[in-house]
Amino acid sequence: MSEEKQMQKYLPLTEATYYIMLALDEPLHGYGVMQKVKKTSEGTVDVGPGTLYGAFSTLQEEGLIRMVKKEDRRKVYALTSKGMQVLRGQIQRLQIMTKLGSDFLSRLG
Amino acid sequence: MNTMDKNRLRKFKLFFAWQDDKEEDWLREMARMGWHLFSLGLPGFYNFTRGEPRDVVYRLDFTTSKIDMDEYLQLFQDAGWEHLGSLVGWQYFRKPAEAEGMNEIYTDPESKIQRHQRLLGYLMLFLPIMIVLFTRIGDPMAYPFFGVMKLFSAVVLLLYAYAVVRIFMRINQLRRR
């Protein structure tokens, strides 16, 4: 319970942060994340470099992602297990939202 | 104070800390007239070179010394932004304007708020100096040059307070969205 409570303080994630964390289920550097987010969000979310750099700094400080290697001047990041838990919590919240939403739509017929 | 030869233009123009979007618009307007920012001089001085008129978007970021500059600049470069230089924490970037692509370096209100908070944090470093100025302003012994220094302090203080208020207002505006 206390651990779950701890996770709650990171939630809800912003839309951009959600997609950025999901993209990091494989190790990627910044620009790789930007491209992947654009693709996986079907073009609905386009993350600028200022926003991305800020998100990386914050997520790293919070221990939700970590740097796994350096390629020249680019740093490659991946999700930590704590990050994975937070993401899980966010997905549960989204599932409640979408379930409610699709129930609503089906009532409308 | 403008000096000009055929292909160079040095311009002096002051923008305050809360006017970064105005500055971006002005630089874009200059590029539309064929004057492209080449380098930054002392605060307020801009060096332009003449070229083809182009629609170019300029964006200013504000960074602290905490960041890994190599990684930061590489990311902007990968995303298509050219770095033109920096000035007391301000980073100048530009990119050809895209009709349907992205012309922003900050793409959501949350990260814009963080950017403004960094700027505010930086301004707060000057708070002790401002307090000293403020407390001495009524003290006639502190200013041997009659009212000149007093007036100068008052102007600096007012500008400072105004900048802080304006940035606070922008943060609040972004929060309301």
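Scroll up to find the structure this text is about.
Quick summary incoming for the structure in this document. Being a predicted model, the structure only gives us computed values, none of them experimental.

A look at the overall build of chain A
Thought 1: When its secondary structure is counted, chain A shows 5 helices and 3 strands.
Thought 2: Helices (α) and strands (β) of chain A occur, in sequence order from the N terminus, as α-α-β-α-α-β-β-α.
Thought 3: By principal-axis analysis of the C-alpha atoms, chain A measures approximately 55 × 35 × 20 Å.
Thought 4: For chain A, the proportion of its 109 residues judged to be buried stands at 40%.
Thought 5: Of the contacts formed within chain A by residues at least 6 apart in sequence, a portion of 52% connects residues at least 24 apart.

A few points about the packing of helix α3 (residues 30-40) of chain A against helix α4 (residues 49-61) of chain A
Residues and elements named next belong to chain A.
Thought 1: Packing of α3 against α4 leaves a shortest axis separation of 10 Å and a crossing angle of 115°. Considered as vectors, α3 and α4 are oriented roughly perpendicular to each other. The handedness of the crossing between α3 and α4 comes out as right-handed. The residues of α4 that touch α3, namely those facing Gly30, Val33 and Met34, are Pro49, Leu52 and Phe56.
Thought 2: Partitioned by chemical class, the residues of the contact of α3 with α4 number 5 nonpolar, 1 polar and no charged.

Structural notes on the sheet that holds strand β7 (residues 90-96) of chain B
All names here are of chain B.
Thought 1: Taken together, the 3 strands give an open sheet; going across it, the order is β5-β7-β6, and neighbouring strands pair in antiparallel fashion. One side of each edge strand has no neighbouring strand; the edge strands of this open sheet are β5 (56-62) and β6 (82-87). Neighbour to neighbour, the strand axes of the sheet diverge by 20° on average, direction disregarded.
Thought 2: Bridge analysis of β6 against β7 gives 5 bridges, and the strand direction is antiparallel. Residue Glu82 lies in a different strand from β7, and its bridge partner there is Arg94.
Thought 3: Where helix α1 (residues 20-32) meets the sheet, it contacts β5 and β7, and its direction lies at approximately 150° from that of β5.

Considerations on the nonpolar core
Thought 1: Ranked by size, the top nonpolar core spans 38 residues in total, and within it Ile20(A), Leu24(A) and Val33(A) carry the most contacts.
Thought 2: Per-element accounting of this core gives the leading share, 6 residues, to helix α2 (residues 15-23) of chain A.
Thought 3: Beyond its immediate chain neighbours, meaning those up to four positions away, Ile20(A) contacts Val33(A), Val37(A), Val47(A), Leu52(A), Ala55(A), Phe56(A) and Leu59(A).
Thought 4: Counting residues in each nonpolar core, the second largest holds 32 residues, with Trp18(B), Leu40(B), Ile113(B) and Tyr160(B) among its members.

Here's the deal with α2(A)
All names here are of chain A.
Thought 1: The buried fraction of α2 is high, at 7 of 9 residues.
Thought 2: Here α2 has its buried residues at Ala16, Thr17, Tyr18, Tyr19, Ile20, Met21 and Ala23.
Thought 3: Where α2 is buried, its residues meet β1 (28-29), α3, α4, β3 (74-79) and α5 (81-108).

Concerning a nonpolar patch on the surface
Residue and element names in this part refer to chain B.
Thought 1: On the surface, a nonpolar cluster with roughly 530 Å² of combined accessible area is contributed by Phe12, Leu14, Phe16, Leu151, Val155 and Leu159.
Thought 2: The greatest single-element share of the nonpolar patch, amounting to 3 residues, is contributed by helix α5 (residues 146-176).
Thought 3: Along the chain, the position of Phe12 falls in strand β2 (residues 8-12).

A word on the pairing of strand β4 (residues 45-50) of chain B
All names here are of chain B.
Thought 1: Summarising the sheet, β2 and β4 pair through 5 bridges and their orientation is antiparallel. Opposite Arg8, over in β4, you have Thr49 as the bridge partner.
Thought 2: Here strand β3 (residues 35-40) folds back onto β4 in antiparallel fashion, the turn holding 4 residues, of which Gly44 has a positive phi close to 95°.

Examining unusual backbone geometry
Note on backbone geometry: most residues besides glycine have negative phi, and most peptide bonds are trans.
Thought 1: The omega angle of the peptide bond from Leu11(A) to Pro12(A) is -5°, so this bond is cis rather than trans.
Thought 2: By the secondary structure assignment, Pro12(A) is in the loop between α1 (2-8) and α2.
Thought 3: The residue Asp72(A) is not glycine, and still its phi comes out positive at about 60°.
Thought 4: In this structure, Asp72(A) sits in the loop between β2 (65-71) and β3.
Thought 5: The residue Val88(B) is not glycine, and still its phi comes out positive at about 30°.
Thought 6: By the element assignment, Val88(B) lies in the loop between β6 and β7.

About the cut-offs
- Residues numbered from 1 in each chain as written.
- Chains lettered and ligands numbered in written order.
- Predicted model: local features only at pLDDT ≥ 70, side-chain atom pairs only at ≥ 80, totals over all residues.
- Heavy atoms only, no water.
- Helix = DSSP H or I, 4+ residues; strand = E, 2+ residues; numbered from the N terminus.
- Buried < 20%, exposed > 50% of the residue type's maximum accessible area, 1.4 Å probe, protein only.
- Contact = heavy atoms within 4.5 Å.
- Axes fitted to C-alpha atoms, helices over the stretch in contact; angles between N-to-C directions.
- Parallel < 35°, antiparallel > 145°, perpendicular 65-115°, else oblique.
- Left-handed = near helix turned anticlockwise from the far one by under 90°.
- Nonpolar A, V, L, I, M, F, W, Y, C, P; charged D, E, K, R; others polar.
- Pairing = 2+ DSSP bridges.
- Core = buried A, V, L, I, M, F, W, Y, C linked by side-chain atoms within 4.5 Å.
- Patch = residues over 30% accessible without salt bridge, like charges linked within 9 Å, V, L, I, M, F, W, Y side chains within 5 Å.
- Areas by Shrake-Rupley, 256 points an atom, 1.4 Å probe, with all protein chains shown as cover.
- Salt bridge = Lys/Arg side-chain N within 4 Å of Asp/Glu carboxyl O.

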